[in-house]
Every structure is written in C-alpha cells, then in structure tokens.
Amino acid sequence: MNSDDNEKAREAAEREGITDTRSLPPLHAPVVPLPAEVSEAFLRTLLEVVPDALVIIDSAGRIALGNSQTEGLFGYPRSELEGLPLEDLLPERFHAAHMLHREGYVASPRTRPMGVGLSLYGRRKDGTEFPVDVSLSPLLLDDELHVLGAVRDISARRGLEERERDARETAEARLALLQLILDELPTSVYFVQGEEARLVLANRAAVTLWGTEWPTGQPMLDFLTTYHIRLFDTNGQALPPAAFATLRALREGKTVFQHQEVIRHEDGTSLPVLVNAVSLDQHLLAGLESGGGNRQISSAEPAALVVLQDVTPLKEAEQLKDQFIGLVVHELRNPLAALKGFATMLLRHSEGSKGTALTSWQREALTEIDVATDRLNRLTEDLLDVVRLQAGRLVLSHESIDLVDITRRVIEQMGQRSDRHQLTLSTSFSHLQARVDAGRIEQVLANLLINAIKYSPAGGSVEVTLQLLPGGQEALISIRDQGIGIPQAEQAHLFGRFVRATNGQAYGISGTGLGLYLCRELVEQHGGDIWFESTEGAGSTFFLRLPLSQSISAPPGEDPQI
Ligand code: ADP
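Per chain, residues are indexed from 1 in the order of the written sequence. Residue-level local features of this predicted model are given only where pLDDT is at least 70; pairs of side-chain atoms are given and counted only at 80 or more, and the full residue set underlies all totals for whole chains, interfaces and linings. No hydrogens and no water enter the side-chain calculation; it runs on all heavy atoms of the structure.

Chemist: Explain the confidence of the model for the protein to me, using residue names and the numbers behind them.
Modeler: Detailed reading of the predicted coordinates is not advisable wherever pLDDT is low. Per-residue confidence from the predictor is given as pLDDT, running between 0 and 100. Confidence in the prediction for the protein averages 85 pLDDT; 85% of positions are at 70 or higher. Counting contacts from residues 1-6, a segment whose pLDDT is below 50, to residues more than four positions away or on other chains yields 14 contacts. Contacts were defined at the residue level, with two residues in contact if any of their heavy atoms lie within 4.5 Å. pLDDT under 50 marks residues 12-30. Its contacts with residues more than four places away, or in other chains, come to 34 contacts.

Dropping the structure here:
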C-alpha cells in the first residue's frame, strides 16, 4: 500500500467514526509483502506459534490458511476450514454487513480491529455462537492482496462485563426504588457514606428542610459551608462537626438516637430538628454497591441513614407548657410564702413566754404545715429552674468560694434532717477555692445529700469525700450511701426530666424526678460533670467533678492519683 492508500485508509476510518487510529499503519507504511521465498509450510509454522486463532483470507473472501487454534475454536477440521468462505464463521445476521465491509476493505486495506462499536460473534460448525474480537491486517501473498485475521474468544470477558452491568443496573434500580419510597415520606431522610458524609441520596422533604438541594456526592461540611447553613445545640451553641449526629454515626460506627439540633439557614431562619442517625451494617450495602456516577456505594466504607424530624410544633407546645408552669408557679409562690411565714411565726410565738401555749397536737399540725410548705417551696423552685433552663434564662453568678467550707455547711444542714443517718466528710484539704455560683452548688450538694438520705430508708452512713483530681485543676466530690441502689436497667436515663427509678417508688419514697436533671444541667454549666455508680440493694455513689479557680498541688501525705 502506498502513502496515498494509507491516507485514504485514514480518511475512511474517520468516515466510519474510528477515531482511534493508533491501530492503523502509520502514514506511508506499505502493506507488508511477504518475500516470494516464504513457503506455505513456513507460513503454517508461523501461524501455529500464536495463541490466537489466525486465518489468512484471499481476495475472494475464502480462508486460504487457518491454524489449529481456529480449528479448535470453530470446530472445523482443517480440510473443511481451508477454502471455506469467511462468512461461514459468522452468524447469518452479520453476512450482509460483512460483504460490504469486505469490499470496502479490499478498496482501502489497513490494519484495524473489525466491527468497532459492534458486538461481534463467531459461529461454530455446530451453529453455536460466541463473542469474539477480530483484528484484520492486509498482506501481500504472491502479489495478491490477502487479509490476516486474528480471532479471540471473549466469552469470559463479555460474561464478566455482562455480570458487572447487571449488578450496576440492579443496584441502580434498587436505589431508584428507595428514592421513590423515601420521596413519599413526610420526614426528611438522607443516606450518606464515608467519614466525610458524602450524600448518596436525599428525599424531597430533606430539600425543604435544608432549604436547598444537597448535590449527591458532596461531603456534608462542603454542602453546609457552600450554602451557609450552620448547626447549633438547643442552648444556642454552635455544634462542632464532631458532635453532628450524622458524622458521629459514620465516624464512631454507632447509631445516634434523638439528637436535638437546630438548623440555621443563611437567611437567619432556624429549625429545631430531632436527628436519628442509623449506622448501616456493611452487608446491607452489598446489594446497593456499584450504583453508577455520584451514587457510588462501597460496602468497605461506613454509611448511615439519617432521619430528621422537624420538631417546631413540639417545641412550640413545650414552650407553651413551660410558660404555663412558670405562670402557675409564680401564682403559688405568694400563698406559699404566707403559709410558711405564718406557720413559722405561730411556732416561734408559742415557744416564747408572751404567746399562748399550744397543745401538742396543735404544735404537731403546725410543724407538719411548716415541713409541707418547705417541700412545696422546693418543688416550685425546681419547676421554675426547669422553665428557666428550657428558656435559656438560667443565669449563674460566679464568685470565688471555698468548696471545703460549702460542703461542710451543707452536710451540717442536711445532717439535722435525720438521726438515723451519719453524715461524714473526709478530705485532706482545709480550703479549695473554686469560682462557682455558690447558691447553685449548694443546691446540687443538698439535692445529692437529700437523695442519699431519702433513698436509704433503713438509715446508715453517708460518706462525703473531697479530693483533688490528677493535674490539680479539678475537685472531685463523692457522696456514698448504703441505700436501696438503682436498678442497672434504669441507670442510663436517670438524669432525664421527671425520671424516677422503679425501686424508689416501690418503697413509697416520694419525689418528682427533677433533682438529678437540674443537678446535671447546673454542674455542666459550671464546666463540670456528674455521674454515679450504683448496685441495687447495696447503695449508690454520686460523683461531682468541678473545675478549681487555679491549679494546686496535693497537700503533704495526699496521693493526687485517685
Ligand atoms: P426525686 O425527686 O425522685 O428524688 P431525683 O431527680 O433527685 O428525683 O432522682 C431521680 C431518681 O433517681 C429518684 O427518683 C431515684 O429513683 C433515683 N435516685 C437518686 N438518688 C438516689 C440514691 N442516692 N439512691 C437510690 N436512688 C436514687
């Protein structure tokens, strides 16, 4: 083939849409003429050394030579193979197209793959078909144009491709079905993957909730930054990403239930939401793997299904309820103050020489009124604190106080309430300064001591210890009783509002379940912590960690390691 022929071949290739012309001979490359002295026997030997099925086709389209791989692949003995029109190796539906191609090829021969863009099939002697790749090269033999064809059985590769395509289509169909179902839900749902929470899919309600569409494949923080969306906690503090329920589910691999978050949009509007982020089991993802494009899912990465519930109506109802409680409690305060005041006055008066002496039942009745009004006062104050906390109106006034002193004082006050309990304080410190709201810390300590007494109906010791935590920057107060303890199964929720353990109620011990809730809120607002250890029937120890004003070293003899 001269250079003109090559040029034409290239043009023809381009006309046929073959853009990758690397398989064509370079410009000016001639058709390879075989030297006249190459014998047929030598040519046959040459064909045999190649693993592919090779055929040499003459200009009339008949097989002039074929190697044993071709015999094996198509099931023809060589005696039948040679002289056979090439069409016989193709299924009938390709015959017409092949004739046209062959004519075109004779007119502009060049090396090329055959049937680019087509799924080519070969046909065996027994009529069965199999997918093939065919590559053709022009060859001059005895001055006559021949074509060398290499045929490769690609059944295995095609099978793999088909399986991959089927898996992709199934995964995409499943995702599409999931999308359809989720779109019908009124709550917002999205599905994220990877530690950076790339979106796989989100339903329609989620778009409304975020106020904009979160593009699939985009990591959560990129999305929030792009659209100036911020997340806050219920106290109005900006949430760090590590605290987002979605990211926690992905990074810690655990399900986060009922996490309250507030979404603040770019225009300043806020939406309180309750988030449930369910960490998905890897084997659940296997059925969704290989979905295409941005929805690429891999079972090797963590994934989570996140449900966001808009709780605006609930919050509004809660606010109304808090306002109502606040109103009632305010109205109760005055009559309660009057009751307490008069009961105290009558008791004092009757004690002195001036007043009329009371009979013993009258004194008992007045003492009952005095104690009951104290209890009612505590209840109303607790309720007011809850309302203040909910509204973010509980303000602390910090001052420098001595923790040892305050603890001792509260122990003394509480010790007077019961003669069946022995309250003790053990500490190696004479002073430990902390900047806290003294009234609130007294309230916390009193609450814990009242509980220790109240939930030890048989009496016993209540041991308070005050220690320094390693590092010298925090104090640890522990209050240990020998009371009824707290059932294991109920311990996790004990700091919730109105939560009471069943054993206390079974003993007929009254309470509201507000004390521990308030203790935790107050301690956390001081930058501290509260927790407990308890065994049902054996007693409880409550721990209180509070930051000190300044770091101090342990006194002589004190081991700072607790
Ligand atoms: P209450 O007004 O019911 O005492 P708290 O919020 O102070 O409310 O406590 C919540 C619940 O925790 C109590 O109802 C009780 O079941 C349990 N509890 C608290 N302290 C103790 C304790 N020292 N020993 C046993 N149970 C306790």
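Chemist: Could you give an account of helix H6 (residues 155-184), naming the residues involved and the relevant values?
Modeler: Under the scheme used here, helices are H or I runs from DSSP no shorter than 4 residues and strands are E runs no shorter than 2 residues, and both carry numbers assigned from the N terminus. To estimate how far a helix should extend, the number of its residues minus one is multiplied by 1.5 Å. Helix length check: H6, at 30 residues, gives a terminal C-alpha distance of 43 Å against a target of 44 Å (1.5 Å per residue), a fit within 8%. Under the scheme applied here, a residue whose accessible area is under 20% of the maximum for its type counts as buried, over 50% as exposed, and between as partly exposed, the area being computed with a 1.4 Å probe on protein chains only. Of the residues making up H6, those classed as buried are Arg-158, Gly-159, Ala-171, Leu-175, Gln-179, Leu-182 and Asp-183. Those residues of H6 that are buried lie in contact with strand E5 (121-123), strand E6 (129-141), strand E8 (188-193), strand E9 (198-202) and helix H7 (204-210).

Chemist: Pulling in residues and values, what's your account of unusual backbone geometry?
Modeler: Of note, the phi angle at Gln-258 is positive, near 45 degrees, even though the residue is not glycine. Mapped onto the secondary structure, Gln-258 falls in strand E11 (residues 256-264). The class for Gln-258 is partly exposed, based on a relative accessible area of 49%. Positive phi outside glycine occurs at Phe-498, with the angle close to 60 degrees. Residue position: Phe-498 is located in the loop between strand E18 (474-480) and helix H15 (502-506). Here Phe-498 falls in the partly exposed class, since its relative accessible area comes to 46%.

Chemist: Could you give me a rundown of the packing of helix H12 (residues 360-390) against helix H14 (residues 438-454), with the residues and numbers involved?
Modeler: Two numbers describe how H12 lies on H14: the axes approach to 14 Å, and their chain directions differ by 125 degrees. In terms of orientation, H12 and H14 fall into the oblique class. The handedness of the crossing between H12 and H14 comes out as left-handed. On H14, the residues touching Arg-378, Asp-382, Asp-385 and Arg-388 of H12 are Arg-440, Gln-443 and Ile-450. Gly is put with the polar residues, along with every residue not named as nonpolar or charged; the nonpolar set is Ala, Val, Leu, Ile, Met, Phe, Trp, Tyr, Cys and Pro, and the charged set is Asp, Glu, Lys and Arg. Tallied by class, residues from the contact of H12 with H14 come to 1 nonpolar, 1 polar and 5 charged. Axis lines are fitted through C-alpha atoms, for helices just across the contact stretch, and the angle between N-to-C directions can take any value from 0 to 180 degrees. For classification purposes, an angle smaller than 35 degrees is called roughly parallel, one larger than 145 roughly antiparallel, one from 65 to 115 roughly perpendicular, and anything else oblique. Handedness of a crossing is defined here by the sense of rotation of the near helix relative to the far one, left-handed for an anticlockwise turn of less than a right angle and right-handed for a clockwise turn.

Chemist: Could you give an account of the packing of aromatic side chains, with specific residues and numbers?
Modeler: For Phe, Tyr and Trp, where Trp contributes only its six-membered ring, two rings pair if their centres lie within 6.5 Å, and the inter-plane angle classes them as stacked under 30 degrees, edge-to-face over 60, or tilted in between. On inspection of all chains with the given rule, the structure shows 10 aromatic pairs. Ring centres of Tyr-190 and Trp-210 lie 6.1 Å apart, and the angle between their planes is 45 degrees; on these two criteria the pair is classed as tilted. Of the two residues, Tyr-190 is situated in strand E8 and Trp-210 in helix H7; the sequence distance between them amounts to 20 residues. There is no split in this pair, since Tyr-190 and Trp-210 are both buried. Arranged with centres 5.6 Å apart and planes meeting at 85 degrees, the rings of Trp-210 and Phe-223 form a pair that is edge-to-face. With Trp-210 in helix H7 and Phe-223 in helix H8 (residues 220-226), the pair connects residues that are 13 residues apart, well separated along the chain. Phe-223 matches Trp-210 in its accessibility class, with the two residues each being buried. Put simply, the rings of Tyr-190, Trp-210, Trp-214, Phe-223 and Tyr-227 touch in pairs and so form one group of aromatic residues. Both a distance and an angle decide whether a charge sits over a ring: NZ of Lys or CZ of Arg must be within 6 Å of the ring centre and within 35 degrees of the ring normal. Between the NZ or CZ atom of Arg-264 and the centre of the ring of Phe-232, over which it lies, the distance is 3.9 Å.

Chemist: Please set out the environment of Arg-123 residue by residue, giving values where relevant.
Modeler: Counting through the fold element by element, Arg-123 comes out in strand E5. Arg-123 sits 49 residues away from Phe-74 along the chain, and the two C-alpha atoms are 6.8 Å apart. Setting aside residues up to four positions removed in sequence, Arg-123 forms contacts with Phe-74, Asp-88, Leu-89, Leu-90, Pro-91, Glu-92, Thr-128 and Phe-130. Engagement of the side chain of Arg-123 in a polar contact is seen with the backbone oxygen of Asp-88, the distance being 3.5 Å. By the criterion applied in these results, polar contacts are pairs of N or O atoms within 3.5 Å in which, for protein atoms, one can donate a hydrogen and the other can accept it, and in which residues neighboring in sequence qualify only through two side-chain atoms.

Chemist: With reference to specific residues and values, describe the side chain of Ser-534.
Modeler: Its location among the elements puts Ser-534 in strand E19 (residues 529-535). Judged by relative accessible area, which is 12%, Ser-534 ranks as buried. Side-chain polar atoms of Ser-534 contact the backbone nitrogen of Ile-486, separated by 2.8 Å. A polar atom in the side chain of Ser-534 sits 2.9 Å from the side chain of Ser-540. Setting aside its immediate chain neighbours within four residues, Ser-534 contacts Gly-485, Ile-486, Gln-491, Gly-539 and Ser-540.

Chemist: Just give me the short version of the sheet that holds E11, but keep the residues and values in it.
Modeler: Here, any two strands with at least 2 DSSP bridges between them count as paired. The 6 strands lie next to each other as E9-E8-E13-E12-E11-E10, forming an open sheet whose pairing is antiparallel. The sheet is open, and its two edges are formed by E9 and strand E10 (230-232), each paired on a single side. On average, each strand axis in the sheet is inclined to that of its neighbour by 35 degrees, with strand direction left out of account. Bridge analysis of E11 against strand E12 (residues 270-279) gives 7 bridges, and the strand direction is antiparallel. Bridge assignment links Val-262 to a residue of E12, and that residue is Pro-272. Running over the sheet, helix H11 (residues 312-351) touches E11, E12 and strand E13 (303-310) and is turned about 120 degrees from E12.

Chemist: Explain the site of the ligand to me, and be specific about the residues and the numbers.
Modeler: Taken together, 20 residues sit near the ligand, with Asn-451, Tyr-455, Arg-500, Thr-512 and Leu-516 positioned nearest. The contact in question runs from an oxygen atom of the ligand to an N or O atom on the side chain of Lys-454, over 3.0 Å. Here an oxygen atom of the ligand and a backbone polar atom of Gly-515 are 3.0 Å apart. Note on areas: these come from Shrake-Rupley sampling with a 1.4 Å probe, and a residue is covered only by the protein chains present in the view. Taken by itself the ligand offers 530 Å² of open surface, and the protein chains cover 97% of this. Sorting the residues of the shell around the ligand by element identifies H14, helix H16 (515-525) and strand E20 (539-547) as the ones contributing at least two each. Among the elements that make up the shell around the ligand, the one with the highest residue count is H14 (4 residues). Here, proximity means that at least one heavy atom of the residue falls within 4 Å of the molecule or strand.

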